[in-house]
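Coordinate analysis (summary)
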Amino acid sequence: AQSVTQLGSHVSVSEGALVLLRCNYSSSVPPYLFWYVQYPNQGLQLLLKYTTGATLVKGINGFEAEFKKSETSFHLTKPSAHMSDAAEYFCAVSGTSGTYKYIFGTGTRLKVLA
Amino acid sequence: NAGVTQTPKFQVLKTGQSMTLQCAQDMNHEYMSWYRQDPGMGLRLIHYSVGAGITDQGEVPNGYNVSRSTTEDFPLRLLSAAPSQTSVYFCASFLYGLGYTFGSGTRLTVV
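Now for a quick tour of the structure. Quantities reported herein were computed from a predicted structural model and do not represent experimental measurements. (Residues numbered from 1 in each chain as written. Chains lettered and ligands numbered in written order. Predicted model: local features only at pLDDT ≥ 70, side-chain atom pairs only at ≥ 80, totals over all residues. Heavy atoms only, no water.)

**Focus: the state of the cysteines**
- Per the stated rule, a full pass over the model turns up 2 disulfides over all chains.
- Two residues share a disulfide in this structure: Cys-23 of chain A and Cys-91 of chain A, whose sulfurs sit 1.9 Å from each other. Judged by the sign of its S-S torsion, about -65 degrees, the bond between Cys-23 of chain A and Cys-91 of chain A is left-handed. Taken as a pair, Cys-23 of chain A in strand 3 (residues 19-27) and Cys-91 of chain A in strand 9 (residues 87-94) lie far apart in primary sequence, 68 residues in all.
- Assessed through its relative accessible area of 0%, Cys-23 of chain A is described here as buried.
- Through a disulfide, Cys-23 of chain B is tied to Cys-91 of chain B; the S-S separation comes to 1.9 Å. An S-S torsion of about -75 degrees defines the bridge between Cys-23 of chain B and Cys-91 of chain B as left-handed. A residue pair is termed long-range when its members are at least 10 positions apart, and Cys-23 of chain B in strand 3 (residues 19-25) and Cys-91 of chain B in strand 9 (residues 87-95) qualify at 68 residues. The pair formed by Cys-23 of chain B and Cys-91 of chain B is uniform in burial state, with each residue classed as buried. (Disulfide = S-S within 2.5 Å. Helix = DSSP H or I, 4+ residues; strand = E, 2+ residues; numbered from the N terminus. Buried < 20%, exposed > 50% of the residue type's maximum accessible area, 1.4 Å probe, protein only.)

This is how it looks when you write it as structure tokens:
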């Protein structure tokens with residue numbers, strides 16, 4: 001069985017500050033992990049993904065995430081927040097390689113303060 | 001542009017009415033799915049299809065029907081709308097190695 005927990009349904013940061021969105025997962029098999037972003041009135045877009053190999057994954061718009069097996073975490077970070085980063089972010093996990101069976105987290109809404 | 005197209009974008013229904021949410025993709029993906037998104041609950045899978053003629057239930061299938069007569073289309077039917085079905089609905093297709101491609105959503109209000 002798999003599950004995803006996103007800590008904090010709402011996160012506020014000042015423009016230029018570090019963005020840290022937390023995601024912990026549970027999986028009985030080696031996980032594939034994903035972050036998606038949803039801008040207002042749009043569908044979800046893939047931000048980055050971890051499948052195998054390097055544990056630090058870089059995505060679009062300056063975001064990155066690190067897979068930490070010992071902590072069962074896949075936190076999303078960005079060194080300097082921009083106003084355009086305001087959106088909802090979803091973490092997701094899937095199991096055996098390539099499966100369509102994703103489990104999505106409940107989402108974290110990021111607010112960027114001027 | 002290649003992708004997943006959902007219609008309509010907005011819809012208001014009265015309790016008991018029926019309607020079909022349309023979803024079409026032009027990427028020849030075999031797998032398609034419907035999700036509903038509610039505040040604080042993330043995305044919940046309603047129904048999915050692994051290919052034409054094959055559908056299966058997801059986490060919250062009650063009150064919804066689907067069919068998949070072609071690879072391109074995957075409509076979602078509400079047979080008798082209820083206020084509890086007020087939500088944002090997303091259709092998505094999936095390809096191994098590429099992952100999910102989502103439509104832009106249908107915002108449904110049932111009064």
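**What to know about the interface of chain B and chain A**
- Contacts between chain B and chain A engage 19 residues on the former and 16 residues on the latter.
- Of the roughly 1,400 Å² buried at the junction of chain B and chain A (both faces included), carbon and sulfur atoms supply 57%.
- It is Leu-43, Tyr-100 and Phe-102 of chain B that lose the most area in chain B upon contact with chain A, and together they represent 31% of the buried surface on that side.
- Taken together, the links from chain B to chain A amount to 0 salt bridges.
- The interface formed by chain B and chain A includes 2 residue pairs in polar contact (both at pLDDT 80 or more).
- Secondary structure elements with two or more residues in the side of chain B that touches chain A: strand 4 (31-38), strand 5 (42-51), strand 9 and strand 10 (99-102) of chain B.
- At 4 residues, the largest contribution of residues to the side of chain B that touches chain A is made by strand 5 of chain B.
- Here the residues of the side of chain B that touches chain A are counted per class, giving 11 nonpolar, 7 polar and 1 charged. (Contact = heavy atoms within 4.5 Å. Buried area = accessible area lost by both parts, 1.4 Å probe. Salt bridge = Lys/Arg side-chain N within 4 Å of Asp/Glu carboxyl O. Polar contact = N/O pair within 3.5 Å; in protein donor to acceptor, adjacent residues only side chain to side chain. Nonpolar A, V, L, I, M, F, W, Y, C, P; charged D, E, K, R; others polar.)

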